[in-house]
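Architecture and fold: a report
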Amino acid sequence: RLNQTRDTVVKQERDTNASASREDLAEVRGRLQVLEAKLQDEITEQACLREKEVRELREQLAVEARTREAVRDSVRDAVKRHLEDERAARELHNSKFAESMEGRFAQDRTGFQQQLAQMTERLAKLEKSLGEAADRQKHEMEMVKEKLHDEVQGRLWEYHGSVR
């Protein structure tokens, strides 16, 4: 009988354990379902957060791209203005330089014309002076020639008169 009691007790204990295990299993499954639901909710929440962050990043990138394009346009316009200002300054400098050079050339031309006029006048005076000197010399030479001629004639007359 002891064996039988023991078998009954073991059987009851097994039934109790099996029943407890079933209850534990059901409780674990319930907890697992709750955890799965919480995990699914957290995954869904995290996915929504990531999607929101991606949208915000895309918006930031779009803003940065527009800003970069605006800066590029601004720099391009500044360079264009600078080049136009530089071209205008260069043209102004060139025109002033050309005017300055034309003025200098005009002054030089006027100076050269004055020098030419002075040299022409001096040359005319020199030619006149040389002409007058040549005329005087010619006249003096004619007078010397005439004097020599008269003297030679006088001597010839003397010689011929004494010879006769």
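Everything below is about the structure shown above.
This text gives an overview of the structure that appears in the document. (Residues numbered from 1 in each chain as written. Predicted model: local features only at pLDDT ≥ 70, side-chain atom pairs only at ≥ 80, totals over all residues. Heavy atoms only, no water.)

1. Remarks on the overall build of the protein
Counting its regular elements, the protein contains one helix and zero strands. Counting only carbon and sulfur atoms, one obtains 55% of the accessible surface of the protein, whose full area is about 15800 Å². (Helix = DSSP H or I, 4+ residues; strand = E, 2+ residues; numbered from the N terminus. Areas by Shrake-Rupley, 256 points an atom, 1.4 Å probe, with all protein chains shown as cover.)

2. Some thoughts on the pattern of salt bridges
Should the charged atoms of two oppositely charged side chains come close, the side chains can pair. Enumeration over the complete set of coordinates arrives at six salt bridges. A salt bridge links Glu86 to Arg90; the nearest nitrogen and oxygen atoms lie 3.5 Å apart. Of this pair, Glu86 and Arg90 both sit in helix 1 (residues 2-163), four residues apart, roughly one helical turn. Among the residues examined, Glu86 registers a relative accessible area of 37% and is labelled partly exposed. (Salt bridge = Lys/Arg side-chain N within 4 Å of Asp/Glu carboxyl O. Buried < 20%, exposed > 50% of the residue type's maximum accessible area, 1.4 Å probe, protein only.)

3. Here's the deal with a nonpolar patch on the surface
Taken together, the side chains of Val71, Val75, Val79 and Leu83 define a hydrophobic patch exposed on the protein surface, amounting to about 330 Å² of accessible area. With respect to the helices and strands, Leu83 occurs in helix 1. (Patch = residues over 30% accessible without salt bridge, like charges linked within 9 Å, V, L, I, M, F, W, Y side chains within 5 Å.)

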